[in-house]
Amino acid sequence: MKKMLRTVLSFAFVALATTISAQNIQLHYDFGRNIYTGEEAGRSKVTVTLEQFKADPWGSWYYFVDIDMSRHFVEDAYTEISREFNLGKQSPFAAHIEYDGGLSRTGSFQQAALIGPAWNGHTADFSKTWSVQVMYKQFFKSYANTHSYASAQLTGVWGLHFFNRKLSFTGFIDFWRGEKASNGHGCLVILSEPQLWYNFTEHFSLGTEWEFSNNFVYNQKPTSSKTFFWNPTIGAKWIF
């Protein structure tokens, strides 16, 4: 799970005199390695995620850190940090700035910076929230065999809460221009991670995340040309 859920971003348009803050930690067991025994032989089975959102009168801060673990090592840590500036007190539009990157036990992730407008909205009771972001994306040379190149990304984020908020369906979908590792040719990368949670209390939830991706997961089987993957998890979440 190299791009974790960003559902709380749909609240980034809120500009209040008092601070809004939300933080949670998630533990996921990933079944991808069991489903694709060849293509995803090296995929980590356990991911711990720390996620925080904080709104202020000017906009909001958001970050998450994904930590992938194996039996013996912390394999990698990936983060996304973003800031949104509200474009007017009652406006649903905001300016979005973001950094993506991280380190692994054997190297690093290719770093990227993003900037662009965001449109955020919600229903009166906040049971339904959404955000759409259209961004310029700049990749940087981060390790051997990578180079800097320009790209663009379209992101959609949603949050739906049912049955007196006992059930939550949240998630995001990203589209961006990537480059194939084999030949450097451009390709459309699609990544979506919908989550379904049952909220036992206001702090504790159990649920699942289904990662759908195309041209995102590195295929570790030389004889396979597969680019689409479905990686489900079971997870627990504690909201502070």
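Above: the structure in question.
Residues numbered from 1 in each chain as written. Predicted model: local features only at pLDDT ≥ 70, side-chain atom pairs only at ≥ 80, totals over all residues. Heavy atoms only, no water.

A.B. asks: Requested: an account of the overall build of the chain, with residues and values cited.
C.D. replies: Assigned secondary structure in the chain consists of one helix and 14 strands. Over its C-alpha atoms the chain spans a radius of gyration of 18 Å, differing by no more than 12% from the 18 Å that the globule rule assigns to 240 residues. Taking the principal axes of the C-alpha coordinates as reference, the chain spans close to 55 × 40 × 25 Å. Taking all 240 residues of the chain together, the buried fraction comes to 43%. Contacts spanning at least 24 positions in sequence make up 54% of the contacts within the chain whose residues lie at least 6 apart. Of the roughly 12,200 Å² that the chain leaves accessible, carbon and sulfur atoms contribute 66%. Of the charged side chains in the chain, 21 are positive and 20 negative, and the gap between their average positions amounts to 2 Å. (Helix = DSSP H or I, 4+ residues; strand = E, 2+ residues; numbered from the N terminus. Rg over C-alpha atoms; globule rule 2.2 N^0.38 Å. Buried < 20%, exposed > 50% of the residue type's maximum accessible area, 1.4 Å probe, protein only. Contact = heavy atoms within 4.5 Å. Areas by Shrake-Rupley, 256 points an atom, 1.4 Å probe, with all protein chains shown as cover. Lys, Arg positive; Asp, Glu negative; His and termini not counted. Charge placed at Lys NZ, Arg CZ, Asp CG, Glu CD.)

A.B. asks: Explain the nonpolar core to me, and be specific about the residues and the numbers.
C.D. replies: Judged by nonpolar contacts, Ala112, Phe139, Tyr149, Val157, Phe172, Trp176, Cys187, Val189 and Leu191 together constitute the single largest core of nine residues. Elements represented by at least two residues in this core include exactly strand E9 (149–162), strand E10 (167–179) and strand E11 (186–192). With three residues, E11 is the largest single contributor of residues to this core. Ignoring anything within four residues of it in the chain, the contact list for alanine 112 reads Glu98, Tyr99, Asp100, Lys137, Gln138, Phe139 and Phe140. Phe53, Tyr62, Phe64 and Phe109 belong to the second largest nonpolar core, which has six residues in total. (Core = buried A, V, L, I, M, F, W, Y, C linked by side-chain atoms within 4.5 Å.)

A.B. asks: Can you break down the pattern of salt bridges residue by residue, with the values?
C.D. replies: Oppositely charged side chains can pair when the atoms bearing their charge come close. Evaluated as defined, the whole model comprises six salt bridges. Between aspartate 56 and arginine 83 there is a salt bridge, and its shortest N-O distance comes to 2.8 Å. With aspartate 56 in strand E2 (residues 46–56) and arginine 83 in strand E4 (residues 74–86), this pair connects stretches of sequence that are 27 residues apart. With respect to class, aspartate 56 is no different from arginine 83; both count as buried. The salt bridge involving glutamate 75 is made with arginine 105; its shortest N-O contact spans 3.3 Å. Of this pair, glutamate 75 sits in strand E4 while arginine 105 sits in the loop between strand E5 (93–104) and strand E6 (107–108), and the two are 30 residues apart along the sequence. Salt bridges here are not isolated pairs; linked through shared partners, they connect Asp30, Glu40, Arg43 and Glu211. (Salt bridge = Lys/Arg side-chain N within 4 Å of Asp/Glu carboxyl O.)

A.B. asks: I'd like to hear about the packing of aromatic side chains, residue by residue, with values.
C.D. replies: Applying the stated criterion across every chain, the model contains 13 aromatic pairs. Seen in terms of ring centroids, tyrosine 29 and phenylalanine 31 are 5.2 Å apart; in terms of plane orientation they differ by 70°. Their pairing is edge-to-face. When its relative accessible area of 31% is taken as the criterion, tyrosine 29 is described as partly exposed. Residues tryptophan 158 and phenylalanine 169 carry aromatic rings whose centres are separated by 5.8 Å and whose planes lie at 45° to one another, so their mutual orientation is tilted. (Phe/Tyr/Trp six-rings, centres within 6.5 Å; stacked < 30°, edge-to-face > 60°.)

A.B. asks: Could you give an account of the pairing of strand E13 (residues 204–214), with specific residues and numbers?
C.D. replies: Side chains Ser205, Gly207, Glu209, Glu211 and Ser213 project from E13 onto a buried face, and the interleaved Phe204, Leu206, Thr208, Trp210, Phe212 and Asn214 project onto a face without burial. With three bridges connecting them, E11 and E13 associate as antiparallel partners. Bridged to serine 192 within E13 is phenylalanine 212. Note that strand E12 (residues 195–199) and E13 share five bridges and pair antiparallel. Following the sheet pairing, glutamine 195 is matched in E13 by glutamate 209. Hairpin connection, E12 to E13: the antiparallel pair is bridged by four residues. Pairing analysis gives 11 bridges linking E13 to strand E14 (residues 228–239), with the strands arranged antiparallel. Bridge pairing links asparagine 214 to phenylalanine 228 in E14. (Pairing = 2+ DSSP bridges.)

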